[in-house]
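Below, each chain spelled out in residue letters.
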Amino acid sequence: MFLTQEEERMLDGDYGPGIQKSTELLVKLGEAFDAKRLVPAQSAHIHCATSLDLLLELTEGATQCRVITTTHPNPYPDVLDPIGCKRIGLPENYNIYEFIHGGPWRQIEDIFKRLGYLLTYTCVPFLVGNLPKPGDVISWGGTSGAVTATSMFGACGSRDSVPANIATSVTGRAPYIGMAIKQNRYAQVLVELDRLDLGNFTNADYGALGYYIGEKTGSKNVVINGLPKTLSLEQFRYLVSPMPVSGATNICHVVGVTPEAWTLAQALGGSRPEEVITVGKDQIKEAVDKLTTAHSGEVDLVRLGCPHCSIIELKDIASLLDGKRVHPNVRLFVATAKQIYVLAEAMGYVDIIKQSGGVFTNTCVGSQDPFNFIGPELGIETVATNSARSAHYSARTSRGKIKLLYGSTAQCIDSAITGKWRAIR
């Protein structure tokens, strides 16, 4: 592999043992994929569920990160609303990873601060200051944010591991592999839509569409033809975030929306698609049926915010709850970034949601949701959500103990108020 003089110095240890180890890791990763060189990176995003020993090894001697670096959701749910979390039954010191509370976690956080990582603790870093531009090389943990950045913003990020994320943050380099290479970004599978009522599509409908596509396309690059050119960021997030969990999608182009797909021919790189998939009402229903595992209309918990809610979503939730109360037998859990929460406070949305009985968290309400693990102990059997990603994770991490109801935000809020799951839009 060709290395610049500065990269050779990194590898030789001139910048300290941590950067040396990090460079070694990136070189080995690149060599495994036949990379000819490293390239400058522009941002990183770090999963908090990392080993203290690993973090110490890869950052030893480093005084600061070389690229903007943000942090993923923290696996303890007491940052935004500790009183509310206690009220709905979560143990005061609940944590998923044994090292989170006490010395080891505080050491990890101290290292993050020393390196200048932005303590965002969110899966939507692009909403809180880490916004890549087309062509930026990124190393992001969290598949939802990574596929959104690579697809919607045209960033160049592959499915990196936590060690690679850390190594990129302190070296400012990444291997020239995967989505960093232009020809690897062209679509392989074309998705055509068949008579879908897109004018009345909810975010959950987009989630079901993405979930179906991810399952059918696996790790292949996707281009969708026929979606509105007015597709919002919220709609796009719900569309692509389930793709890496039902499949292994790295990039999803949308004709007329994403920066590398102003035309279908551009998205395909002038070639013919390897496969064409048609999605209509039957396929959307198939996805919803897979995400819905409950056989009862009784709801114990409503969970929103996977990925974390944007300010637009919090506004919608507040408008649906305004003047109403969550049913006494139902818990309402809303996840967002602390930075978005502060804005929602200023707008009055937080007061409305809390006064209605909702509880805020900035933890992950997908794979790391505390209710996936201790929900049955708290009497929670059935969870309603508007997130295909969250429903997929919950069914698996709870080993089927938690039953899921999947539908629109309006349907979820209605069930929080009534305690019943009803077919509304």
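A quick note: this is a predicted structure, and the numbers were derived from the prediction, not measured.

Asker: It is not clear to me how the overall build of the chain should be interpreted in this structure. Could you clarify?
Answerer: For the chain, the helix and strand inventory stands at 18 helices and 14 strands. Here the chain has a C-alpha radius of gyration of 22 Å; the compact-globule value for 425 residues is 22 Å, and the two agree. With the principal axes as the frame, the chain shows a C-alpha extent of 65 × 55 × 40 Å. Put simply, the chain has 425 residues, and 57% of those count as buried. Of the roughly 16900 Å² of accessible surface on the chain, a fraction of 51% belongs to carbon and sulfur atoms. With 40 positive and 42 negative side-chain charges, the chain shows a separation of 3 Å between the mean positions of the two kinds.

Asker: Sorry, what's going on with the packing of aromatic side chains here?
Answerer: The geometry of an aromatic ring pair comes down to the distance between the two centres and the angle between the two planes. The final tally for this structure, using the stated rule, is four aromatic pairs. Measuring from centroid to centroid gives 5.0 Å for Phe201 and Tyr206, while their planes differ by 85°, and the two rings are edge-to-face. When sorted by exposure, Phe201 lands in the same class as Tyr206, which is buried. Sitting over the ring of Tyr176, Arg37 keeps its end group 4.3 Å from the ring centre.

Asker: Got a minute to help me understand the environment of Ile177 in this structure?
Answerer: Its place among the elements puts Ile177 in the loop between strand S5 (173–175) and strand S6 (189–193). Through-space distance from the C-alpha of Ile177 to that of Lys36 is 8.8 Å; in sequence the pair is 141 residues apart.

Asker: Help me understand the packing of helix H2 (residues 17–32) against helix H7 (residues 162–171), please; the structure alone is not making it clear to me.
Answerer: Relative orientation and spacing of two packed helices are given, respectively, by the angle between their axes and the distance between those axes. Running from N to C, H2 and H7 point in directions that differ by 125°, and their axes come no closer than 9 Å. The angle between the axes of H2 and H7 places the two elements in the oblique class. Every pair of crossing elements has a handedness; the one defined by H2 and H7 is left-handed. When H2 is examined against H7, the residues Ile19, Ser22, Thr23, Leu25, Leu26 and Leu29 are found in contact with a partner set consisting of Pro163, Ala164, Ala167, Thr168, Val170 and Thr171. A class-by-class count of the residues in the contact of H2 with H7 yields eight nonpolar, four polar and no charged.

Asker: What is the right way to read the pairing of strand S13 (residues 382–385) from this model?
Answerer: It is a general feature of regular strands that their side chains alternate between the two faces of the sheet. Residues of S13 alternate between two faces, with Thr382 and Ala384 on one and Val383 and Thr385 on the opposite face, all of them buried. As paired strands, strand S10 (residues 301–309) and S13 are joined by three bridges and run parallel to one another. Across the sheet, the residue bridging to Leu301 is Val383, located in S13. Alignment of S13 against strand S14 (residues 403–406), held across four bridges, turns out to be parallel. Paired with Val383 across the two strands is Leu404, which belongs to S14. In this view, the connection linking S13 to its parallel neighbour S14 by way of helix H17 (residues 388–397) has right-handed handedness.

Reading guide: rules and limits
Counting restarts for each chain, with residues numbered from 1 along the sequence as it is written. Only residues with pLDDT of at least 70 get local features here, since the model is predicted, and only at 80 or more are side-chain atom pairs given and counted; chain-wide, interface and lining totals rely on the full set of residues. Based on all heavy atoms of the structure, the side-chain values leave hydrogens and waters out of the count. Numbering of helices and strands runs from the N terminus, with a helix taken as a DSSP run of H or I at least four residues long and a strand as a DSSP run of E at least two residues long. We compute the radius of gyration from the C-alpha atoms alone; for a globule the expected value is 2.2 Å times N to the 0.38, where N is the number of residues. Relative accessibility decides the category of a residue: with a 1.4 Å probe and only protein chains considered, values under 20% of the type maximum give buried, values over 50% give exposed, and everything between is partly exposed. All accessible-area figures derive from a Shrake-Rupley calculation using a 1.4 Å probe, and residue coverage is judged against the displayed protein chains alone. Positive: Lys, Arg. Negative: Asp, Glu. His and the chain ends are not part of the count. For the purpose of locating charges, the reference atoms are NZ of Lys, CZ of Arg, CG of Asp and CD of Glu. Only centres within 6.5 Å qualify two rings of Phe, Tyr or Trp (six-membered ring in Trp) as a pair; their planes then separate them into stacked at under 30 degrees, edge-to-face at over 60, and tilted for everything else. Both a distance and an angle decide whether a charge sits over a ring: NZ of Lys or CZ of Arg must be within 6 Å of the ring centre and within 35 degrees of the ring normal. Working convention: axes come from line fits to C-alpha atoms, limited for helices to the stretch in contact. Angles between N-to-C directions cover 0 to 180 degrees. Any angle from 65 to 115 degrees is called roughly perpendicular, while one under 35 is roughly parallel, one over 145 is roughly antiparallel, and all others are oblique. Handedness of a helix crossing follows the sense of rotation of the near helix relative to the far helix, less than a right angle counterclockwise being left-handed and clockwise being right-handed. Any two residues having at least one pair of non-hydrogen atoms within 4.5 Å are treated as being in contact. Any residue outside Ala, Val, Leu, Ile, Met, Phe, Trp, Tyr, Cys, Pro, Asp, Glu, Lys and Arg is labelled polar, Gly included; the first ten of those are nonpolar and the last four are charged. Strand pairing is assigned whenever DSSP detects at least two bridges linking the two strands. Viewed with both strands pointing away, a crossover whose connecting path from the first strand over the helix to the second turns clockwise is right-handed.

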